[in-house]
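Residues per chain are reported as follows:
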Amino acid sequence: MDVGAEEALRQSREELQAIYDGMVDGIQIADAETRRILRANPAMCRMLGYTERELLGKCVPDLHPPERLAEVLAAFSSLAEGKSSFVPNLPFLRKDGTVLFADVGARRIAFEGRCGVIGFFRDSTPRMQAEEVLRNSEANVWAILNASTESTLLIDTEGRILAANDELARRFGRRLGELMGACVYDLLPPDVAETRAARAAQAIRSGQPLRFEDERFGRTIDSQIYPILDGSGQVTRLAVFGRDITEE
């Protein structure tokens with residue numbers, strides 16, 4: 001090999017090493033058969049709280065909660081056999097005993113004459129914690145709404161019911177489970193359904209809340225429609241509230 005080629009090869013190796021060492025995501029190589037850890041980059045060591053030397057003395061089962069081990073080994077086998085290339089929210093047991101979750105992308109490689117699996121690990125713990133907070137918040141909100149005498153529902157832009165409270169089910173004379181996935185306009189008299197669909201379309205076009213009164217089943221209902229926008233500013237859902245004001 002001439003001097004120029006050797007220099008190019010050296011530089012290429014240095015660049016790859018810099019990328020390997022500087023990545024925010026963890027990288028780990030494991031033997032596909034023995035499951036022994038063969039390499040781990042600094043980010044992987046930081047994620048799990050081990051030094052590289054400590055990690056290289058371990059096998060895949062050592063790095064996961066015992067109660068989730070069957071699930072983890074099944075995922076590893078699937079990745080090692082090339083049946084899958086991505087596993088979300090895989091649990092890892094850190095050196096200090098805490099559990100971390102990571103999205104794992106992997107592929108098979110040849111490493112030191114062995115069949116290996118290289119994995120790329122991104123910490124998904126903050127996302128899962130945020131999702132848990134959101135689930136708890138939504139549960140608390142619906143608990144409050146179920147205690148309300150105001151009918152409440154969440155629909156998509158086609159009118160399909162995504163969520164509803166007990167008062168709405170009572171007014172329709174249906175069980176709550178029967179309402180999920182149904183089109184709200186199919187549950188209303190044709191003239192009321194037409195008016196409601198037009199009001200919803202107006203709220204979708206404008207992206208602004210809408211308030212109005214109409215007659216439904218012989219009752220006067222004060223209704224409010226609140227568009228819910230996604231990150232790009234598009235209306236994806238509508239929150240609809242109705243209050244019986246017949247006797248007021």
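Remember, predicted model here, so these are calculated numbers, not experimental data.

A few words on the environment of R199. Its location among the elements puts R199 in helix 8 (residues 190-206). Along the chain, R199 and E112 lie 87 residues apart, while their C-alpha atoms are 67 Å from each other. Residues within four places of R199 in sequence aside, it is in contact with L210, F212 and I225.

Mapped onto the elements of the fold, T152 is located in strand 6 (residues 151-156). By relative accessible area, which is 3% here, T152 ends up buried.

Under the definition given, this model contains 13 salt bridges. As a salt-bridge pair, E71 and R68 come within 2.6 Å of each other at their nearest N and O atoms. On the basis of relative accessible area, R68 is assigned to the partly exposed category, the value being 27%. The residue D156 makes a salt bridge to R160 at a minimum N-O spacing of 2.9 Å.

When a strand is regular, its side chains alternate between the sheet's two faces. Of all 6 residues making up strand 1 (residues 26-31), 6 are buried, and the element is well covered by its neighbours. Relative to strand 5 (residues 114-123), strand 1 runs antiparallel, the two being bridged by 6 bridges. Paired with A30 across the bridge in strand 5 is V117. Bridge count for strand 1 against strand 2 (residues 37-40) is 3 bridges, and the pairing is antiparallel. The residue of strand 2 that forms the bridge with Q28 is A40. From the end of strand 1 to the start of strand 2, which pair antiparallel, there are 5 residues, and R35 there has a positive phi angle of about 65°.

Counting 25 residues, the largest nonpolar core has M44, L48, L55, L90, F92 and F121 as its most contacted members. In terms of residues, this core owes the most to one element, helix 4 (residues 69-80), which gives 5 residues. Setting aside residues no more than four positions away along its own chain, F92 makes contact with M44, L48, L63, H64, P65, T98, V99, L100, A102, V104 and F121. Counting 23 residues, the second-largest nonpolar core is a separate cluster that includes L153, L168, L179 and A203.

Turning our eyes to something else, we now look at the sheet that holds strand 4 (residues 99-111). Strand pairs in the sheet, formed through backbone hydrogen bonds, run parallel or antiparallel to each other. The antiparallel open sheet is built from 5 strands, whose spatial order is 2-1-5-4-3. Edge positions in the sheet fall to strand 2 and strand 3 (86-93), since each of these pairs with one other strand and no more. Across the sheet, the mean angle from the axis of one strand to that of its neighbour is 35°, orientation sign disregarded. Direction of pairing for strand 4 relative to strand 5: antiparallel, over a ladder of 10 bridges. By the bridge assignment, I109 is partnered in strand 5 with G116. Here helix 4 sits on the sheet in contact with strand 1, strand 3, strand 4 and strand 5, set at roughly 135° to strand 3.

Moving on to the side chain of H64. With respect to the secondary-structure elements, H64 resides in the loop between helix 3 (52-55) and helix 4. The class of H64 is buried, set by a relative accessible area of 5%. If sequence neighbours within four positions are ignored, H64 has contacts with L69, V72, L90, P91, F92 and L93.

So, how was this worked out
- Residues numbered from 1 in each chain as written.
- Predicted model: local features only at pLDDT ≥ 70, side-chain atom pairs only at ≥ 80, totals over all residues.
- Heavy atoms only, no water.
- Helix = DSSP H or I, 4+ residues; strand = E, 2+ residues; numbered from the N terminus.
- Contact = heavy atoms within 4.5 Å.
- Buried < 20%, exposed > 50% of the residue type's maximum accessible area, 1.4 Å probe, protein only.
- Salt bridge = Lys/Arg side-chain N within 4 Å of Asp/Glu carboxyl O.
- Pairing = 2+ DSSP bridges.
- Core = buried A, V, L, I, M, F, W, Y, C linked by side-chain atoms within 4.5 Å.
- Axes fitted to C-alpha atoms, helices over the stretch in contact; angles between N-to-C directions.

No statement about biological role is implied by the geometric values presented.
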